[in-house]
Amino acid sequence: MNRYDCFEFLVPSMTDQLVLGSLSGQRVEWGHLSGHPGNLLIAIMGAALGMGIGLALILPHRKVIVLESDGSLLLSLYNLPTLGNLNVPNLSVFVFDNEVYSGTRISEPSATSGKTDLAAVARSCGIERATTVRDLDSYKREATKALNENVLSFVVCKVEKTTGHRQIPRPTEDLWEHKYKFVRYLEKTEGKQIFMGRG
Amino acid sequence: MEAQLAKRIVGGLKDAGISFVSYLPETRLSEIVPVLREDPSFMIVPVANEAEAVSISAGASLGGRPAAVYMEGSGVYVGSFNLLCLGRRLGVPMLLIVAHYGSVLDARNSFVYAMPGIHLIPILESLDIQYVIFTNGDNLETKIKGCVKMMHAIKQPVALLFSGEFTI
C-alpha cells in the first residue's frame, strides 16, 4: 500500500473537516494534493496528535483528522493514554507507518519494523477502535468508517517506503501564512473571532 | 499556597479570558486545580507530559479558546521543543502557568530543586518567551491580564512564574 494512494482516496472526501499533519513526506504529499484551508500542517514531529486533541475537544461538532507517521507517534506516545481517557469522538487518527525513519540521506528502521504494534499500544491505552490495515481496500473501508462515524478511531496504515515526495515541489507558503489561512478559515466557518487584540 | 491565592489566580485567569487549561499536576500550585475544576467556564485537560500539554493547548488556542498550560518549572524543559516550534515558530498564543521551583524565594527549595530552578529563566530567555515573576499577591489580577494581553498581541507564549508566597 502506498501513502500517496491513501491520500488520493481521502482528499475528495474533505469538506469541512480540519486536518492536522506532522512532518516528513506526508506533509509534502498532503499539501500537494489538498490546498484546503482547513489543513494545518505544522512541520514538527510529535505534536500533530496533541494539537488535534485540543482542536477536537473545543470543536466537538467538527471532524478533526490527524495524519501521523510512525516516527512522529513514537516520539509522542504520551498522547495515547490521554486520548484513551478523553475518548474524543470527533477525532480520527491515521498513522502512516512505513517502519522507517526516512530522510534525504537516511533510511533507518523504526521500532514498528520490529516488535512494536502501534494499534495494540493504542488499544492498551483505552482507544477501542484501533486497528491496522495493510492493503488499500481495507484502508478505504476503515477510512470511510472513520470519516462517517462519530467515534474515536485510530487506524495504523502499513505503507511502503517511498521517496515520491522528493519529486514534489515544496510549498512557498511559510508557517505563519499557513496558520493565518487556517485561523481565518475557522473564524469564517465558526463565526467567531479567534485572534484577539485591537489593530 | 493559601486557598485565597489559588482562588485569585483562577479568578484572574477567568477575568483575562482564559477558558482552556491543560496541566500536569505538581506540588506548589496544585490548589488551583480543584478551583479550576469547579468552574464550568474552564475546560481542563490532565495530561501525561508537558510537551503534550503545550500541543493540546496550542490546538485549543488556534481553535478559538484562549488557552493556558499549568506545569512545574521542569515542564518548561520537557516542553521546550514544542514551545519553540508551536509557540514561537508557528506563533501560537498561550499562557504558561509555572511553579518556579528551585528559585531563590521558593519556600520548598532544596538541593533537589535548585539546579533546574536556576536555569529556568535562561531557558525561557533563550526561547525568547516573555515572563513575569510573581512572589506575592500584589496586583496579581492586573498582571495576569497584562500577560494575557501580551500573548494575544505577540501571538506567542507568555509565562507566569510563581515563587515566594505561592510556594508555601
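The model shown is predicted, which means the values in this text are computed figures rather than measured ones. (Residues numbered from 1 in each chain as written. Chains lettered and ligands numbered in written order. Predicted model: local features only at pLDDT ≥ 70, side-chain atom pairs only at ≥ 80, totals over all residues.)

**Details of the overall build of chain A**
Here is the rule we go by: Strands here are runs of E lasting at least two residues and helices are runs of H or I lasting at least four, both read from the DSSP assignment and numbered beginning at the N terminus. Radius of gyration: C-alpha atoms only; globule rule: 2.2 Å multiplied by the number of residues to the exponent 0.38. Backbone-placed C-beta atoms define the burial measure: a residue is buried with 20 or more other C-beta atoms within 10 Å of its own, exposed with 12 or fewer, and partly exposed in between. Contact between two residues is assigned when their C-beta atoms, built from the backbone, lie within 7 Å.
From N to C terminus, chain A includes eight helices and eight strands. For 199 residues, the compact-globule formula gives about 16 Å, and the C-alpha radius of gyration of chain A, at 16 Å, lands near that figure. Viewed in the frame of its principal axes, chain A has a C-alpha envelope of about 55 × 40 × 30 Å. The buried share of chain A, taken over its 199 residues, is 44%. Long-range pairs, those at least 24 residues apart, make up 70% of the contacts in chain A with a sequence separation of at least 6.

**Some remarks on the overall build of chain B**
A tally of helices and strands in chain B yields seven helices and six strands. When the helices and strands of chain B are listed from N to C terminus, the series reads α-β-α-β-α-β-α-α-β-α-β-α-β. Seen through its C-alpha atoms, chain B measures out along the principal axes to roughly 40 × 35 × 30 Å. Each of the 168 residues in chain B was classed as buried or not, and the buried ones make up 52%.

**So, the interface of chain B and chain A**
Size of an interface: often given as the accessible area lost when the parts come together. Our working rule: Residues are grouped as follows: Ala, Val, Leu, Ile, Met, Phe, Trp, Tyr, Cys and Pro are nonpolar; Asp, Glu, Lys and Arg are charged; all remaining types, including Gly, are polar.
With 26 residues of chain B in contact, the opposing surface of chain A contributes 29 residues. At nine residues, the largest contribution of residues to the side of chain B that touches chain A is made by helix 3 (residues 50-63) of chain B. Tallied by class, residues from the side of chain B that touches chain A come to 13 nonpolar, nine polar and four charged.

**Some remarks on unusual backbone geometry**
With a phi close to 50°, A:Asn87 is a non-glycine residue in the positive phi region. Summarising the element assignment, A:Asn87 is placed in the loop between helix 5 (79-86) and strand 4 (91-97). Look at B:Asp128: it is not a glycine, yet its phi comes out positive at around 60°.

**Remarks on the pairing of strand 3 (residues 64-69) of chain A**
Residue and element names in this part refer to chain A. Our working rule: We treat two strands as partners when DSSP finds at least two bridges between them.
Extensive coverage of strand 3 is indicated by the burial of six of its six residues. Going residue by residue along strand 3, you find Val64, Val66 and Glu68 tucked away on one face and Ile65, Leu67 and Ser69 tucked away on the opposite face as well. Summarising the sheet, strand 3 and strand 4 pair through six bridges and their orientation is parallel. When the bridges of strand 4 are listed, Val66 appears paired with Val93.

**Let's talk about the sheet that holds strand 7 (residues 130-133) of chain A**
Residue and element names in this part refer to chain A. We count it as follows: Structural elements are reduced to axes, namely lines fitted to C-alpha atoms, with helices fitted over the stretch in contact, and the angle between N-to-C directions of any two is expressed from 0 to 180 degrees.
Taken in spatial order, the six strands make up an open sheet running 2-1-3-4-8-7, and their pairing is parallel. Both edges of this open sheet fall to strand 2 (39-41) and strand 7, since each of them pairs with a single strand only. Between one strand and the next, the sheet's axes are offset by a mean angle of 15°, whatever the strand orientation. Two strands pair when backbone bridges link them, and strand 7 and strand 8 (residues 153-158) are joined in this way by four bridges, in the parallel orientation. The partner of Val133 across the bridge, within strand 8, is Cys157.

**Here we look at the environment of B:Val158**
Residues and elements named next belong to chain B. Residue position: Val158 is located in strand 6 (residues 157-162). On the basis of neighbour count, Val158 is assigned to the buried category, with 24 C-beta atoms found within 10 Å. Residues Val158 and Val148, ten residues apart in the sequence, show an inter-C-alpha distance of 7.5 Å. Ignoring any residue separated from it by four or fewer positions in sequence, one finds Val158 in contact with Leu95, Ile129, Gln130, Tyr131, Cys147, Met150 and Met151.

**Examining helix 3 of chain B**
Residue and element names in this part refer to chain B. Cut-off, in case you're wondering: Expected helix span is taken as 1.5 Å per residue step, with the number of steps being one fewer than the number of residues.
For helix 3, built from 14 residues, the straight-helix expectation of 20 Å at 1.5 Å per residue is met to within 8% by its first-to-last C-alpha distance of 20 Å. Here helix 3 lies mainly inside the structure; 14 of its 14 residues are buried. Phi turns positive one or two residues past the end of helix 3, at Gly64, with a value near 115°.

**Digging into the sheet that holds strand 6 of chain B**
All names here are of chain B. In spatial order, the strands read 2-1-3-4-6-5; together these six strands make up an open sheet with parallel pairing. Since the sheet does not close on itself, it has two edges, and those belong to strand 2 (43-46) and strand 5 (130-134), each with one partner. Here the average twist between neighbouring strands, direction ignored, is 20°. Here strand 1 (residues 20-23) runs beside strand 3 (residues 67-72); their pairing, made up of four bridges, is parallel. Counted as the bridge partner of Phe20 is Ala67 from strand 3.

**Looking at the environment of B:Ile154**
For B:Ile154, the position within the fold is in helix 7 (residues 140-154). For the pair B:Ile154 and B:Gly137, spaced 17 residues apart in sequence, the C-alpha to C-alpha distance is 26 Å.

**Remarks on the packing of helix 3 (residues 48-58) of chain A against helix 5 of chain A**
Between two packed helices, the angle of one axis relative to the other and the distance separating the axes together describe the packing. Residue and element names in this part refer to chain A. Selection criterion: Convention used here: angles under 35 degrees read as roughly parallel, angles over 145 as roughly antiparallel, angles from 65 to 115 as roughly perpendicular, and any remaining angle as oblique. By the definition used in this description, the sense in which the near helix is turned from the far one sets the handedness, with an anticlockwise turn below a right angle giving left-handed and a clockwise turn giving right-handed.
Two elements in contact, helix 3 and helix 5, have axes whose closest approach is 10 Å; the angle formed by their N-to-C orientations is 20°. The angle between helix 3 and helix 5 falls in the class roughly parallel. In the packing of helix 3 onto helix 5, the handedness of the crossing is left-handed. Only Asn79, Thr82, Leu83 and Leu86 of helix 5 make contact with helix 3, whose side of the interface consists of Leu49, Gly50 and Ile53.

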